[in-house]
Amino acid sequence: MNRYQNILVAIDGSKNAEKAFYEAVALAKASNGALYLAWIIDEASLSTSSFAVSKILKEEQEKAKMVLENLVSEARNAGIVNVSQIVEVGDVKDTIAEKIPGEYPIDLIVAGATGKGSLTRKKVGSTIQHIVNHAPCNVLMVK
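Owing to the predicted nature of the structure, the values given are computational and were not obtained by experimental measurement. (Residues numbered from 1 in each chain as written. Predicted model: local features only at pLDDT ≥ 70, side-chain atom pairs only at ≥ 80, totals over all residues. Heavy atoms only, no water.)

**Details of unusual backbone geometry**
Part 1 of the argument: Look at asparagine 32: it is not a glycine, yet its phi comes out positive at around 55°.
Part 2 of the argument: With respect to the helices and strands, asparagine 32 occurs in the loop between helix 1 (15–31) and strand 2 (34–42).
Part 3 of the argument: Overall, the relative accessible area of 64% leaves asparagine 32 in the exposed class. (Helix = DSSP H or I, 4+ residues; strand = E, 2+ residues; numbered from the N terminus. Buried < 20%, exposed > 50% of the residue type's maximum accessible area, 1.4 Å probe, protein only.)

**Brief notes about the pattern of salt bridges**
Part 1 of the argument: Overall, the coordinates contain six salt bridges when judged by the stated rule.
Part 2 of the argument: Between lysine 58 and glutamate 62 there is a salt bridge, with its nearest N and O atoms 3.3 Å apart. Taken together, the residues lysine 58 and glutamate 62, both in helix 3 (residues 53–77) and four residues apart, mark about one turn of the helix.
Part 3 of the argument: Of the charged contacts, one joins glutamate 69 and lysine 65 as a salt bridge, the two residues approaching to 4.0 Å between their closest N and O atoms. Taken together, the residues glutamate 69 and lysine 65, both in helix 3 and four residues apart, mark about one turn of the helix.
Part 4 of the argument: Classification of glutamate 69 as partly exposed rests on a relative accessible area of 37%.
Part 5 of the argument: Classification of lysine 65 by relative accessible area gives partly exposed; the value is 48%.
Part 6 of the argument: Among the charged side chains, a salt-bridge network with shared partners connects Glu88, Lys99 and Glu103. (Salt bridge = Lys/Arg side-chain N within 4 Å of Asp/Glu carboxyl O.)

Here's what the structure looks like:
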């Protein structure tokens, strides 16, 4: 099956994001497709922090880069040749659902059913629900 050639995976350090990563690797390998690993630093959580925003942002960027570099190595070891990292600051829902697919030729988004923000899901709405409703391509929810 060569249906999906450009697969975006939402990474946030959660267990479900890890499951989504492995599912996306299997799909990319089966289709000889490209893998885009995206870690979005939620700007809303930065602005409500009592710590210096720039310090927290730098720490989050370093953490994201470290995790993504490990996942890139893992994907390449699994046989995926084309693996890209995307680290951005912004609204997680809109960035995954609309911004990245608008900038890259994404034809499948793979995301965990719940991520690190699951505790506030009832208050702000489900990220995966937003992605499903706003993405220009198919979405695979992994749980």
